[in-house]
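Now for the letters of each chain:
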Amino acid sequence: MHYNNKQSYTLRTEDLRGLLIDISRFNADKNLIILLKDLLYEKEFDYIYLYDTINESYEITHLEKLFPYLSLIKEHLNVFIYCRFHVPPETSFLDKTYQLGADAINLWCNTYKKNLSIIKYASSLWSNGTVLFDIDLNGDIGPIKEKIDQLTSTKILPILKNKNGLSPDILQETYTHLSNAILQNNINLSWILQFPITKDPFILDIIKEHFLNNNYISRKIALSYSNLRRKLMVKKVSESFDSASL
């Protein structure tokens, strides 16, 4: 579904639950907030998904385009914000992204081992199950399983991409391994129903078998928890700097 206002914004919803905003196409200004408030009033969506289709670059100067959107949306709206971006070269970008209000993130990169420490650092900021990472299924199943184990051990939820080239047997084996890793590491699946990832039938099967009830109240509780957790973490860091006279 598309929405248009006098400024010719076009925002796309997914299953009438999420509002997808391509930050390369829109300005983070009051006109965007007016449109979002109108949509929220109509209860057309439960989360905002910020992403960039034009230039998914890893450079900080490009990634920082996300910041004004986070600041503006969190200042005016009480809504769950989900962001997808390349693994940044510095952990400070993750610190600020969390501080400004991202409730969940989906990371991706083409150099997994090089970026593993930064990927794991994200799990120290966001709560269990709110950091997702794309795993490309091109290649041998052994390294794929190893990535799944490494990520789930730090409460990061792997998202399997490019599944079309795999045989049904290999695909099923991979998802069975993912399902077992999620359960063994107690990954909190209650968050992922907020995200577009729930279109994945394999993930949906895991949810149906092991998941709690999803309704409007539970989503509101999840958002309240995320906001409270962020305030406490930011306060803790601030107090640490004060005690160190920094």
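Here we summarise the structure given alongside this text. (Residues numbered from 1 in each chain as written. Predicted model: local features only at pLDDT ≥ 70, side-chain atom pairs only at ≥ 80, totals over all residues. Heavy atoms only, no water.)

Helix and strand counts for the chain stand at nine helices and eight strands. Partitioning the contacts of the chain with sequence separation of at least 6, the portion at a separation of at least 24 is 69%. About 12,700 Å² of surface is accessible on the chain, with carbon and sulfur atoms providing 51% of the total. (Helix = DSSP H or I, 4+ residues; strand = E, 2+ residues; numbered from the N terminus. Contact = heavy atoms within 4.5 Å. Areas by Shrake-Rupley, 256 points an atom, 1.4 Å probe, with all protein chains shown as cover.)

Turning to the pattern of salt bridges, a few remarks are in order. Side chains that carry opposite charge are capable of pairing whenever their charged atoms lie near each other. Taken as a whole and assessed by the stated rule, the structure comprises three salt bridges. Across the pair Lys 74 and Asp 103 runs a salt bridge, and its minimum N-O distance is 3.0 Å. Of the two residues, Lys 74 is situated in helix H3 (residues 66–76) and Asp 103 in the loop between helix H4 (91–100) and strand S6 (104–108); the sequence distance between them amounts to 29 residues. What makes Asp 103 buried here is its relative accessible area of 2%. The partner of Glu 173 in a salt bridge is Lys 145, and the shortest N-O contact between them spans 2.7 Å. (Salt bridge = Lys/Arg side-chain N within 4 Å of Asp/Glu carboxyl O. Buried < 20%, exposed > 50% of the residue type's maximum accessible area, 1.4 Å probe, protein only.)

A large share of strand S4 (residues 47–51) lies buried, amounting to five of its five residues. Burial along S4 is two-sided: Tyr 47, Tyr 49 and Tyr 51 and Ile 48 and Leu 50, pointing in opposite directions, are all buried. One ladder, built from five bridges, connects strand S3 (residues 18–22) with S4; its direction is parallel. Bridging from a neighbouring strand, Ile 21 pairs with Leu 50 of S4. (Pairing = 2+ DSSP bridges.)

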